[in-house]
Amino acid sequence: MELEGVRRLVQERGSDLAFVVNHSGGKDSTRLLGFIRNKFRDSPTYAVMADTGFEHQRPISAADFARQRCAECGLNLTVVRNPKRTYLEMVERRGMFPSPRFRQCTSDLKRSPVEKFIRTLPHKVIVNCIGIRAEESHSRSRLAPLAVNASLTTRDRTVYNWLPIFDQSLAEVLAWHWVNAIRLHPVYVPEYHKDGTTGGYLRRFSCRVCIFSTDADLRAIYENDRVAFEQVSHLESKLGYTMRPGASLVQIVSAQTSTAIEEARQQSFCF
Ligand code: SF4
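A. Highlighting the overall build of the protein chain. Scanning the protein chain from N- to C-terminus turns up 10 helices and 6 strands. Taking 18 Å as the expected radius of gyration for a compact globule of 271 residues, we find that the protein chain reaches 20 Å, a close match to that expectation. Judged by the C-alpha coordinates and their principal axes, the protein chain covers about 70 × 45 × 35 Å. For the protein chain, with 271 residues in total, the buried portion stands at 35%. Expressed as a percentage of contacts within the protein chain between residues at least 6 apart in sequence, the contacts between residues at least 24 apart total 65%.

Structural data, given as structure tokens:
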């Protein structure tokens, strides 16, 4: 339904209208990129990545990986940043971590630099495309898939926020990559990759340690990206403030290790 509305807008506004594709290098935003290029190949389209300064760097940086996916679609990638602080600097200056409820990291390091970029564009209508899917969380499922962005809309420019892959499932996103032979970043777990064997340790393509990292993610980060784990852990000690309420990263990972050892011990009694 939203797609028809956007198609009508494109017909009415022609080159006055441009798409902005928010692209992180992750699976959903790559699917988003493919969707927009497939449906609106003739419309002016800008791909933009907000770099928080705490993005994956190995075995290929998030920015380089995103740039490659954009090039495959015939687009250049513009990487934007908050000029004043990276994610870790923001945490240190505030003396506390952002929380799922008050996501200052998203607003300061992602949304705000992208909004600044959008304000520089000459088009009268901007469709700002974001790769959010309803399936990801209850709060995301309640978002409007197409809405006017009031803070960016002025007398001379109308900006819409559009979530074109809102209804797609994880399986559909992965299948699209596999069918079209589109690479997934190597940090994703093997089951996300077509061959099911190569791959990394994460299910979400976020900052290297994210406020939404699960216990299992933190364990995987501890084992696979010790530098990032220790950077955040060190900040917790320095600030006297933990990223997750009630337990430090070290405590969360240690508790999992103790549980695993205890389970192994109990299993060994069974046989
Ligand atoms: S990926 Fe996580 S830590 Fe990074 S900006 Fe987004 S919510 Fe914040």
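B. Quick peek at the site of the ligand. Around the ligand, a shell composed of 13 residues is seen, among which Cys-105, Ser-206, Cys-207, Cys-210 and Ile-211 lie nearest. The biggest single contributor to the shell around the ligand is helix α5 (residues 104-119), with 4 residues. Residue classes in the shell around the ligand are distributed as 8 nonpolar, 3 polar and 2 charged. Mapping the shell around the ligand onto the domain boundaries places at least three of its residues in each of domain 1 (2-162) and domain 2 (208-271).

C. How the structure looks around the sheet that holds strand β2 (residues 45-50). If you trace the 6 strands from one edge of the open sheet to the other, you get β3-β2-β1-β4-β6-β5, paired in mixed fashion. What marks the edges here is a single partner per strand, and that holds for β3 (77-80) and β5 (146-148). Along the sheet, successive strands turn relative to each other by an average axial angle of 25°, direction set aside. With 5 bridges connecting them, strand β1 (residues 17-22) and strand β4 (residues 125-129) associate as parallel partners. Paired with Ala-18 across the strands is Ile-126, a residue of β4. In the packing of helix α3 (residues 62-72) onto the sheet, the strands contacted are β2 and β3, and the crossing angle to β3 comes to about 155°.

D. A look at the domain arrangement of the protein chain. Split into domains, the protein chain comes out as domain 1 (2-162) and domain 2 (208-271). If you average the C-alpha positions of domain 1 and of domain 2, the two centres end up 31 Å apart. Taken together, the contact pairs 11 residues of domain 1 with 8 residues of domain 2. When its residues are assigned to classes, the side of domain 1 that touches domain 2 shows 7 nonpolar, 3 polar and 1 charged.

Cut-offs and rules
Residues numbered from 1 in each chain as written. Predicted model: local features only at pLDDT ≥ 70, side-chain atom pairs only at ≥ 80, totals over all residues. Helix = DSSP H or I, 4+ residues; strand = E, 2+ residues; numbered from the N terminus. Rg over C-alpha atoms; globule rule 2.2 N^0.38 Å. Buried ≥ 20, exposed ≤ 12 C-beta atoms within 10 Å, placed from the backbone. Contact = placed C-beta atoms within 7 Å. Near = placed C-beta within 6 Å. Nonpolar A, V, L, I, M, F, W, Y, C, P; charged D, E, K, R; others polar. Domains from an automatic or database assignment. Pairing = 2+ DSSP bridges. Axes fitted to C-alpha atoms, helices over the stretch in contact; angles between N-to-C directions.

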